[in-house]
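# Reading the structure
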Amino acid sequence: MPKAAAVHYSCTDCGYSAGRWLGKCPSCGSYGTLVEDVLSAAPAAAKVPPKPVLRLVDVDAEDAERIPTGVAELDRVLGGGLVPASLVLVGGEPGVGKSTLLLTALAAISRERRALLVTGEESTAQVKLRAERLGGAERVEILAETELDTVLATLESERPDVCVIDSVQTLHSPEVGSVPGSVAQVREAAARLLRTAKEAGVATILVGHVTKDGTVAGPRVLEHLVDCVLQFEGDRYHAHRVLRAVKNRFGSTNELGIFEMTGTGLQGVPDPSEVFGRSAGSEVGSAIACALEGTRPILLEIQALVAPTDLAMPRRVATGVDPKRLAMIVAVLSRHARIVLGAADVFVNVAERAERRQRRATRPSARSGSRGGSVRPRRPSAGSRSARSSGLPPRLRRPELPPLVAN
Ligand SMILES: Nc1ncnc2c1ncn2[C@@H]1O[C@H](COP(=O)(O)OP(=O)(O)OP(=O)(O)O)[C@@H](O)[C@H]1O
Ligand SMILES: [Mg+2]
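Residues numbered from 1 in each chain as written. Chains lettered and ligands numbered in written order. Predicted model: local features only at pLDDT ≥ 70, side-chain atom pairs only at ≥ 80, totals over all residues.

Glancing now at the overall build of the chain. In terms of helices and strands, the chain carries eight helices and 16 strands. Expressed as a percentage of the 407 residues in the chain, the buried residues total 39%. In the chain, the share of contacts with a sequence separation of at least 24, taken over all contacts with a separation of at least 6, comes to 68%. (Helix = DSSP H or I, 4+ residues; strand = E, 2+ residues; numbered from the N terminus. Buried ≥ 20, exposed ≤ 12 C-beta atoms within 10 Å, placed from the backbone. Contact = placed C-beta atoms within 7 Å.)

With that settled, the discussion passes to the environment of His172. Relative to the helices and strands, His172 resides in the loop between β7 (162-166) and α5 (183-200). Judged by the 21 C-beta atoms lying within 10 Å of it, His172 is buried. Here the alpha-carbon distance between His172 and Val186, two residues 14 residues apart in the chain, equals 8.1 Å. If we skip the residues at most four places from it in the chain, His172 touches Thr146, Glu147, Leu148, Pro180 and Gln185.

As a further point, take the confidence of the model for the chain. A residue-level look at the chain finds 74% of positions with pLDDT of 70 or above and a mean pLDDT of 78. Across residues 353-407 the pLDDT falls below 50, and counting only partners more than four positions away or on other chains, this stretch makes 115 contacts in the model. (pLDDT = per-residue confidence, 0-100.)

Moving on, we come to the sheet that holds strand β9 (residues 228-234). Pairing in this open sheet of nine strands is mixed, and the strands run β6-β5-β7-β8-β4-β9-β10-β11-β12 from one edge to the other. Lying at the two open borders of the sheet, with one neighbouring strand each, are β6 (141-144) and β12 (265-268). Averaged over all neighbouring strand pairs, the angle between strand axes comes to 25°, with direction disregarded. Sheet topology note: the β9/strand β10 (residues 240-248) ladder contains seven bridges and is antiparallel. Bridging from a neighbouring strand, Phe232 pairs with Leu243 of β10. With respect to the sheet, α5 is in contact with β4 (87-92), β7 and β8 (203-209), its orientation differing from that of β8 by roughly 165°. (Pairing = 2+ DSSP bridges. Axes fitted to C-alpha atoms, helices over the stretch in contact; angles between N-to-C directions.)

A word on the pairing of strand β5 (residues 115-119). Counting buried residues along β5, five of its five residues qualify, which places the element largely inside the surrounding structure. Burial of the side chains of β5 extends over both faces: Ala115, Leu117 and Thr119 are buried on one face and Leu116 and Val118 on the other. Here five bridges tie β5 to β7, and the two strands are oriented parallel to one another. The residue bridging Leu117 from the neighbouring strand is Val164, located in β7. As paired elements, β5 and β6 share four bridges and run parallel to each other. For Val118, the partnering residue across the bridge sits in β6 and is Leu143. Handedness of the crossover is the feature at issue here: the chain leaves β5, passes through helix α3 (residues 124-133), returns alongside β6, and the resulting connection is right-handed. (Right-handed = clockwise from strand over helix to strand, strands pointing away.)

This is the structure:
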């Protein structure tokens, strides 16, 4: 008699699995992220014959030509284009522009190769409307499907060069008992897509959602499985977006892609210094710093504001820069330059000098006295000098008050 399906509890953030429900995930320490997952009983293992092993010298390997995506900033982050038969995961918060970026890339790829979009979130008509806004993508093939087996069978028979799955959370396999978007479903979908990508030679890009409350299985459970993990960051209320590689088996993780969201789609920003480091003459309280992101130098404007305070503990507010480094600079100024800052608040900010876009009414305004502009601290990419020295924040924002420095 077959065994009953086992009930497990999996962490939606890191994929940790436990036999009982726990309030706090023992692996990543998140609270309330363990959700029920029903795993099918594994079939009894049959005895399999061993396979002969090879010496590396006997392995035939040719450096496959990369597939240019037609989006220069995306190619830069991928390390020179898409590697055929690779699996890439693009993660990002809702509305950041993942579908827009990938449809733009598919439209360019489809001019010379077969490009397929599997959409589980939007209807074909919605995709067509977006494609028209982006300037047309007539040659892109589209499949509106959420059944994993159907998607895999289509990939095997059609064998496109590039396929985008938007999103991996919508794929569903009836063999796995849990609901679409659960850790077990997402992991199953990614594992089977990986196999198909390698066997059928389809470069596959998975779109993965990152939700703030972590109720949907996030892409973190897939990071080990895929060849490349790209993170699309930014603020949907501001124009600039940053694409960075968190993991890349075929290239560096130091490169950064910068985009601007416009009415006609995402435009690459080939010279970010023009946007982030443009300073109007000799502005008080602002200085230009040069940061190296991968192979690209970027000029950033650093702003400082020192204001007298009545607080017993003066504030040291660092936005986009390391707060410890700010505290050290304040200490050095007090000790060696005899600039006493013990009775002053100090604010330091990495500024975005780009065009100001309409803010939401709910956002604090400059007149209300709030500085706003606080950002999540940026996760430094390995080996990135700028990440430590200047820290281009993931949500680039324009300062809300003109910079001032006390004497
Ligand atoms: N007509 C437009 N003009 C300018 N920007 C637009 C326009 N339409 C959409 N956008 C931008 O595109 C963003 C949505 O892009 P997109 O649907 O690609 O995001 P997504 O990351 O795929 O979102 P989701 O996770 O919901 O699928 C909006 O937040 C908005 O900034
Ligand atoms: Mg989308």
